[in-house]
Number of protein chains: 2
Amino acid sequence: MKKRAPTIKEIAKMLNLSASTVSRALHDSRNISPATIKRVKEVAAELEYEPNQTAMFLQSGKTLTLGVILPHLTEAFFSQAISGIEDFASEHNYNVLMGQSHDDTNREKKIVEAMKNHRVDGLLISIAKNTKDFSHFEALRKYDIPVVFFDCAPETSDIHSVTCKLEAGMNEAVEFLSKKGHTRIAYISGPRDLLANRERMAGYHSSLKLLNIAFNPQYVVHSDLSKESTHYAMQNLLSLKAGPTAVIAFNDYVALDAMQYASKMNIRINKDISFVSFSNLPVYNYMENPPLASVEQFPYRQGQRATELLLEILNTVKGERAQGPFQKIILEPRLFIHTRFS
Amino acid sequence: MKKRAPTIKEIAKMLNLSASTVSRALHDSRNISPATIKRVKEVAAELEYEPNQTAMFLQSGKTLTLGVILPHLTEAFFSQAISGIEDFASEHNYNVLMGQSHDDTNREKKIVEAMKNHRVDGLLISIAKNTKDFSHFEALRKYDIPVVFFDCAPETSDIHSVTCKLEAGMNEAVEFLSKKGHTRIAYISGPRDLLANRERMAGYHSSLKLLNIAFNPQYVVHSDLSKESTHYAMQNLLSLKAGPTAVIAFNDYVALDAMQYASKMNIRINKDISFVSFSNLPVYNYMENPPLASVEQFPYRQGQRATELLLEILNTVKGERAQGPFQKIILEPRLFIHTRFS
DNA sequence: CTGTTAGCGCCTTCAC
DNA sequence: GTGAAGGCGCTAACAG
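Counting from 1, residues in each chain are numbered in the order their sequence is written. For naming, the first written chain is A and the first written ligand is 1, with later ones following in the order written. The predicted nature of this model means local features are confined to residues of pLDDT at least 70 and side-chain atom pairs, given and counted, to a pLDDT of 80 or more, with totals for whole chains, interfaces and linings taken over all residues. For side-chain calculations, the full set of non-hydrogen atoms in the structure is used, while hydrogens and water are omitted.

What follows covers the relation of the copies chain B and chain A. Residues below a pLDDT of 70 in either copy are left out; the C-alpha atoms of the rest, at least 70 in both, set the least-squares superposition of the copies. Each copy superposes on the other: chain B lies on chain A with an RMSD of 0.2 Å after a rotation of 180° and an axial shift of 0.1 Å. The relationship between the two copies is best expressed as a two-fold rotation axis. Within chain B, B:Leu97 has its C-alpha nearest the rotation axis, a separation of 2.2 Å.

See the structure below:
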């Protein structure tokens, strides 16, 4: 009925050895007689001894744990990303602690605190959409906990990050539509000051310029990413005299809401108006009428790559970390075209 | 340039106090003069002191961390479940450590080891589809680490679990189709010996009996859940002389693959053959032709409820845990009917 | 009110 | 080859 996990001491007692000898034996120290090593290991196996990590952590200062903070686990993008993170981390014997900010800065702060207290070795963060104040991340620096941002990162230069070249994604999207003959191309934008949105906007403008299409401000509408807001944005587009013949949406969910609204208004999806989105939901492969194309951002790979970078940083000497160099890894997106019964 | 996190000792030294006084002050012990408390807290705040949890863990034996093990983070069901787990856990100041088994028993074992070494306080597990040997879970008992299984649980009686009454879900599904006039109702089954599958089968049989529909073994086909296997299963159904007019699929992904195959064979989805599935993917709300109906299993709630139960167990005295009573919480599923332009 | 001591489980000197 | 001692950060029991 003894319930506690066995310790090095118990093994020692059973064999009339000292704890340190047992410790060394378990680590195959060369100063221990093979016979002792054998005996120790046998008893350890029998008791199903497992080293208590918390104790080792206390000593070494390393927890072999990475923290992941992201907005929503339920969004396909993030669940794929964290899957990549977990796979890579566990391959390298790291554990993954996770928290979701629900796009709320306060929750984000709390999670950062919790992770700090937990003494994670490093952190992977995709920041909440409305986070403007980054002081809670600054604190991590003091503690020398390295952070790699992915997907959604602050705009300062003194951070590590793995992101996707969204401007290029937008370029591909616009050019794709242009080739299909569209010139009245609208964009349902996300939160205006979000970097990820500004990058898309930049791509939108640069592509129009390149293609010699005049920029029409009426073709840019905004959504706060809620269904209602997207419907309203779509409504605005449909009310124009010369409405768009193609719509690019900030992300898949916005696209789906927009398409839903358009359908309700008897617009034929991808016939009367063609849709293109960002993120490329896996389930598009099963839909009859997904957006014509979607910018794939490879979340699994982003997660993996970010974790790889974080582990590299963890392997550099502590002192050398702080001043950089700061890595900004930028992955190329790719426009996925969904061909259907057409 | 000082980088290590401040400790209680440093605060003590700065104030010429002992470490224990500082510790007590930080905990608002009543035996400490208000003045001291104030001074200590000021210095602590200034240094941005945060207690080192690993140290507290070592002492108390509690890590305030829950482990979650599930097959795939990317499956909508699980990402919703873990979202519920994380939300509930973080409300109660627990951290969540996670690992995905990828439905592989060996990986599952490794993760259990890792979690054990990490000394998580408790574990939430949805077992891998092909796990037959449960010895790795037995080991957790020795360590007195309580486990709550959810969704997919072993069939022994001496465990805690939160699951969904799948037989009832199947009953609803069959009766729904029957009311629509169907009598030739097929079932694309999952792995035969999986409990979750046998429950569905039981429901299938009991409903047919109740409805006085003769059981036709040709209407039950098997899929290992891969796309190819599902396509093959569907092919078998379509080759029957008197083929089914309705198909119930083991889960959403099987349903989508089946529908995809049927479409390719020029079957009109939900006209020539009606489809019903299990799990009710959120994205169905956006599809033109989702299954007619799907059994909603409320993964978020399952996750929440499982976590709640686990925390309750953690609050009982250690000694009292082992012998139970073992809770088996069984949630009612609900058939969601997808009405569309029809 | 506050300081001292001891110990959580482990590893790492240093000593024999 | 092995043992003893000390310490990682913190708290709890025992002294004052």
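Moving on from the model shown.
What follows concerns unusual backbone geometry. All names here are of chain B. Even without being glycine, Asp103 reaches a positive phi, approximately 55°. With respect to the helices and strands, Asp103 occurs in the loop between β2 (95-100) and α6 (105-118). Although it is not a glycine, Asn280 sits at a positive phi angle of roughly 55°. Structurally, Asn280 is set in the loop between β9 (274-278) and β10 (293-296). Looking at Asn280, the relative accessible area reads 8%, which means it is buried. For the purposes of this entry, the term helix denotes a DSSP run of H or I that reaches at least four residues, the term strand denotes a run of E that reaches at least two, and both are numbered from the N terminus. Each residue's exposure class comes from its accessible area (1.4 Å probe, protein chains only) as a fraction of the maximum for that residue type: buried when under 20%, exposed when over 50%, partly exposed otherwise.

Throughout, the term near means that a residue has one or more heavy atoms lying within 4 Å of the molecule or strand in question. Lining the immediate surroundings of DNA strand D are 26 residues, of which A:Thr21, B:Ile8, B:Ser23, B:Tyr49 and B:Gln59 lie closest. Considering DNA strand D, the proportion of its atoms within 4 Å of the protein that are sugar or phosphate atoms stands at 67%. Measuring from a phosphate oxygen of DNA strand D, one finds a backbone N or O atom of A:Ser18 at 2.9 Å. A distance of 3.0 Å separates a phosphate oxygen of DNA strand D from a polar atom in the side chain of A:Thr36. Elements supplying a minimum of two residues to the surface near DNA strand D: α2 (19-26) and α4 (53-60) of chain A together with α1 (8-15), α2 (19-26) and α4 (53-60) of chain B. By the criterion applied in these results, polar contacts are pairs of N or O atoms within 3.5 Å in which, for protein atoms, one can donate a hydrogen and the other can accept it, and in which residues neighboring in sequence qualify only through two side-chain atoms.

Let us look at the protein's contact with DNA strand C. The full set close to DNA strand C counts 26 residues, and A:His27, A:Tyr49, A:Gln59, B:Ser20 and B:Thr21 are the nearest of them. Of what DNA strand C places within 4 Å of the protein, 66% of the atoms are sugar or phosphate. The backbone of A:Asn52 places a nitrogen or oxygen atom 3.2 Å from a phosphate oxygen of DNA strand C. Here B:Ser18 contributes a backbone N or O atom positioned 3.0 Å from a phosphate oxygen of DNA strand C. Counting only elements with at least two residues in the surface near DNA strand C, the list comes to α1 (8-15), α2 and α4 of chain A together with α2 and α4 of chain B. Under the convention adopted here, Pro, Cys and the residues Ala, Val, Leu, Ile, Met, Phe, Trp and Tyr are nonpolar, Asp, Glu, Lys and Arg are charged, and Gly plus all remaining residues are polar. Among the residues forming the surface near DNA strand C, the class breakdown is eight nonpolar, 14 polar and four charged.

Pairing between the strands of a sheet comes from backbone hydrogen bonds, and it takes one of two forms, parallel or antiparallel. All names here are of chain A. Ordered in space as β7-β6-β8-β9-β10-β12, the six strands form an open sheet in which the pairing is mixed. Every interior strand has two partners, whereas the edge strands, β7 (220-222) and β12 (334-337), have only one. Between one strand axis and the next, the sheet turns through 20° on average, direction left out of account. By the bridge criterion, four bridges tie strand β10 (residues 293-296) to β12 in an arrangement that is antiparallel. Its bridge partner lying in β12, Val295 is registered against Leu335. The pairing criterion is simple: DSSP has to find at least two bridges between the two strands. Only the stretch in contact is used when a helix axis is fitted, and all axes are lines through C-alpha atoms; the angle between N-to-C directions ranges over 0 to 180 degrees.

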